[in-house]
Amino acid sequence: MHEVPPPTSTSTPAPGPSSSAVPAEPLSHGLKQRHLTMLGLGGVIGAGLFVGSGAGIAVAGPAIVVSYLIAGALAMLVMRMLGEMSAAMPASGSFSVHAERALGRWAGFSVGWLYWFLLVVVLAVEATAAAQIAHGWVPGIEPWAWVLLFMVVFTAANLTAVKNFGEFEFWFASLKVGAIVVFLVLGLLAVLGWLPDTDPVGMTNLTGQGGFLPNGWGGVVSGVLTVVFAFGGLEVVTIAAAETDDPARAVGRAVRSAVVRILFFYVGSMLVIVTVLPWTAQQAGLSPYVKVLDAIGVPSAGQIMNIVVFVALLSALNANLYGSSRMIFSLAERGEAPRGLLKVSGGGSRESTGGVPRRAVLASVAFGFVSVLLNLLWPDTVFLYMLNSVGAVLLFVWALIAASQLRLRARLEQEAPEALSLRMWCFPYLTWVTLAGLFGVLLLMLTDEAARPQVLWSVGATALVLLVAVGRQWRERRGSAVADR
């Protein structure tokens, strides 16, 4: 292994074209366009959609389609902004690097560490949930043993060439996307009455049981709060783009193809579900996909969906381990994390075996193991507090992405317009609309009894990280002032 040369400066880059130029990454360029495209498509198709959508339907009824449209539009706008910045300034730290360049070191430090913490905590939830499914299939093996197996396998995959991560995610995402396509086709045939022993459903379930808005617009808002976090995970696409041969082109193509197709999969799935079955047939905690497949006569629907959810969880685990390792590596590059994490593997070529930040991978998986242990030992106390502390962090990250894009877009238009190969729509108006929407969701969460603890704990965690960031910056300035005397 060799160590990355230290950064030439730890100060915030000055505005100007030079600050937009990101040094060449020492990481591998082993990811292909197909890897990035499928990562964008499959990155957010997870258990939140296959299982968690039942809770949204229970509160919004058929209008859950509108809830997904609103939440998906927010995610799509954020991804467009992130895609614009990443195409102009590709970097393994993605939005953390952009925040530092736009708002200062405190912003890059804060958003980077918050996102890393979010990924390694959620990783524990995914590993534990996948282990519970596997334990149901093979009761003789305890859940903790399954967790250990999953963590070892994906750690090994992430310690080797990055193309292994890309291949894992490509096939995982392909299975998830294929499952949803089959579901949409079967659902449409059921609605039209073209399946054996089925009659056309028509619009009965969309207009019956209280109508399309059985709980009014309040139900739609509650649905947004339930489903918006299911879109988290798209950000990894822009992190991964730095490890392709042509990052600017790759991230642009991935963002363009992913956002519209993901909206199609999410909104299309919900429309099929609430059309085939009455919304009152859905229950929180139970997969609406299983209920629909059972209703149209697909044998062993529960087991089929268990397999899909299992794959979705492993895919998310793999992606989160990758994303967290690259984020902490980027923080170390900028002097915001221990410099020992800058070791990357050597090898004959970076595309084959080299350019992997192995210490960053091990640091992330080590904290992931701690999170898993806390989840297994104290799920209702210690781990619950950790989970609540990252419950709203995704919204904070998205808000900082929007704030960064406001600053960087204006700077790039003035000093390096040729770098804007992918542009945010209707700038700056839609950026401000997105910021308003994100703060609106946070305010609504504060009024919701179930969501309020997540916001409060997340605010506390964010305040702590900000305090550390400001304290570090103050100490450095004080040290510089003393040195200049």
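1. Remarks on the overall build of the protein
Piece 1. Counting its secondary structure elements, the protein contains 20 helices and 2 strands.
Piece 2. In terms of overall dimensions, the protein is globule-like: its C-alpha atoms have a radius of gyration of 23 Å, near the 23 Å expected for 485 residues.
Piece 3. Taking the principal axes of the C-alpha coordinates as reference, the protein spans close to 85 × 55 × 45 Å.
Piece 4. Excluding contacts between residues fewer than 6 apart, the proportion of contacts in the protein whose partners are at least 24 apart in sequence is 80%.
Piece 5. Taken as two groups, the 29 positive and 26 negative side-chain charges of the protein have centres that lie 8 Å from each other.

2. Considerations on the packing of helix H7 (residues 105-137) against helix H15 (residues 301-333)
Piece 1. In the contact formed by H7 and H15, the axes pass within 8 Å of each other and the chain directions differ by 155 degrees. Taken together, the axes of H7 and H15 are roughly antiparallel relative to one another. For the element pair H7 and H15, the recorded crossing hand is left-handed.
Piece 2. Considering only residue class, the contact of H7 with H15 consists of 25 nonpolar, 7 polar and 1 charged.

3. Observations regarding the packing of helix H4 (residues 53-60) against helix H5 (residues 64-88)
Piece 1. In the contact formed by H4 and H5, the axes pass within 9 Å of each other and the chain directions differ by 120 degrees. Here H5 runs oblique to H4, going by the angle between their axes. Together, Ser 53, Gly 56, Ile 57 and Ala 60 of H4 and Ile 64, Ser 67 and Tyr 68 of H5 make up the contact between the two elements.
Piece 2. When the residues that make up the contact of H4 with H5 are grouped by side-chain class, the tally is 4 nonpolar, 3 polar and no charged.

4. Side note on the packing of aromatic side chains
Piece 1. Counted under the stated rule, the structure contains 20 aromatic pairs.
Piece 2. With a centroid separation of 6.4 Å and an interplanar angle of 55 degrees, the aromatic rings of Phe 109 and Trp 113 are classed as tilted. Remark: Trp 113 and Phe 109 occur in helix H7; sequence separation between them is 4 residues, near one turn of the helix.
Piece 3. Note on Phe 168 and Phe 172: the rings are 6.0 Å apart at their centroids and 35 degrees apart in plane angle, and the pair reads as tilted. With Phe 168 and Phe 172 both in helix H9 (residues 162-192) and 4 residues apart, this pair spans about one turn of that helix.
Piece 4. On the basis of relative accessible area, Phe 168 is assigned to the partly exposed category, the value being 30%.
Piece 5. By relative accessible area, Phe 172 is classed as buried at 14%.

5. A word on a nonpolar patch on the surface
Piece 1. On the surface, a nonpolar cluster with roughly 780 Å² of combined accessible area is contributed by Trp 144, Leu 148, Val 152, Leu 373, Leu 376, Leu 377, Trp 378 and Val 382.
Piece 2. If you list the elements that add at least two residues to the nonpolar patch, you get helix H8 (143-159) and helix H16 (358-377).
Piece 3. Looking at the secondary structure, you find Val 152 in helix H8.

6. With respect to the environment of Ser 324
Piece 1. Its location among the elements puts Ser 324 in helix H15.
Piece 2. Linking Ser 324 and Leu 31, residues 293 residues apart in sequence, is a C-alpha distance of 17 Å.
Piece 3. Not counting residues up to four positions away in its chain, the partners in contact with Ser 324 are Trp 116, Leu 119, Val 120 and Ser 364.
Piece 4. Engagement of the side chain of Ser 324 in a polar contact is seen with the side chain of Ser 364, the distance being 3.5 Å.

7. Looking at unusual backbone geometry
Leaving glycine aside, a negative phi is the common case for residues, and trans is the common case for peptide bonds.
Piece 1. The omega torsion of the bond from Phe 427 to Pro 428 falls at 0 degrees, within 30 degrees of zero and hence cis.
Piece 2. With respect to the helices, strands and loops of the structure, Pro 428 is situated in the loop between helix H18 (393-415) and helix H19 (429-447).
Piece 3. A positive phi angle, near 45 degrees, is found at Cys 426, a position not held by glycine.
Piece 4. You can call Cys 426 exposed: its relative accessible area is 53%.

8. Remarks on the pattern of salt bridges
Piece 1. A full pass over the atoms with the stated rule returns 8 salt bridges.
Piece 2. Linking Arg 409 and Glu 84 is a salt bridge whose minimum nitrogen-to-oxygen distance equals 2.7 Å. Taken as a pair, Arg 409 in helix H18 and Glu 84 in helix H5 lie far apart in primary sequence, 325 residues in all.
Piece 3. For Arg 409, the salt bridge is made with Glu 413, and the minimal N-O distance between the two is 2.9 Å.

9. A word on the side chain of Ser 364
Piece 1. Mapping Ser 364 onto the fold places it in helix H16.
Piece 2. Once residues lying within four places of it in the same chain are set aside, the contact partners of Ser 364 are Trp 116, Val 120, Leu 321, Ser 324, Ser 325 and Ile 328.

10. Re the environment of Gly 268
Piece 1. Within the fold, Gly 268 resides in helix H13 (residues 247-276).
Piece 2. A relative accessible area of 16% means that Gly 268 is categorised as buried.
Piece 3. Sequence spacing of Gly 268 and Val 65 is 203 residues, and the spatial spacing of their C-alpha atoms is 8.3 Å.
Piece 4. Apart from the residues within four sequence positions on either side, Gly 268 is in contact with Leu 184 and Leu 263.

11. Some details on the side chain of Thr 434
Piece 1. Its place among the elements puts Thr 434 in helix H19.
Piece 2. Given a relative accessible area of 0%, Thr 434 falls into the buried group.
Piece 3. Within the local environment of Thr 434, its side chain forms a polar contact with the backbone oxygen of Leu 430, the two atoms lying 2.7 Å apart.
Piece 4. For Thr 434, the residues in contact, after removing those within four places along its chain, are Leu 74, Leu 77, Val 78 and Met 81.

12. A word on the environment of Gly 52
Piece 1. Of note, Gly 52 is situated in the loop between helix H3 (47-50) and H4.
Piece 2. Under the relative-accessibility criterion, Gly 52 is labelled partly exposed at 32%.
Piece 3. Linking Gly 52 and Val 227, residues 175 residues apart in sequence, is a C-alpha distance of 7.7 Å.
Piece 4. What Gly 52 contacts, discounting residues up to four positions off in sequence, is Ala 47 and Thr 226.

Conventions adopted
Residues numbered from 1 in each chain as written. Predicted model: local features only at pLDDT ≥ 70, side-chain atom pairs only at ≥ 80, totals over all residues. Heavy atoms only, no water. Helix = DSSP H or I, 4+ residues; strand = E, 2+ residues; numbered from the N terminus. Rg over C-alpha atoms; globule rule 2.2 N^0.38 Å. Contact = heavy atoms within 4.5 Å. Lys, Arg positive; Asp, Glu negative; His and termini not counted. Charge placed at Lys NZ, Arg CZ, Asp CG, Glu CD. Axes fitted to C-alpha atoms, helices over the stretch in contact; angles between N-to-C directions. Parallel < 35°, antiparallel > 145°, perpendicular 65-115°, else oblique. Left-handed = near helix turned anticlockwise from the far one by under 90°. Nonpolar A, V, L, I, M, F, W, Y, C, P; charged D, E, K, R; others polar. Phe/Tyr/Trp six-rings, centres within 6.5 Å; stacked < 30°, edge-to-face > 60°. Buried < 20%, exposed > 50% of the residue type's maximum accessible area, 1.4 Å probe, protein only. Patch = residues over 30% accessible without salt bridge, like charges linked within 9 Å, V, L, I, M, F, W, Y side chains within 5 Å. Areas by Shrake-Rupley, 256 points an atom, 1.4 Å probe, with all protein chains shown as cover. Salt bridge = Lys/Arg side-chain N within 4 Å of Asp/Glu carboxyl O. Polar contact = N/O pair within 3.5 Å; in protein donor to acceptor, adjacent residues only side chain to side chain.

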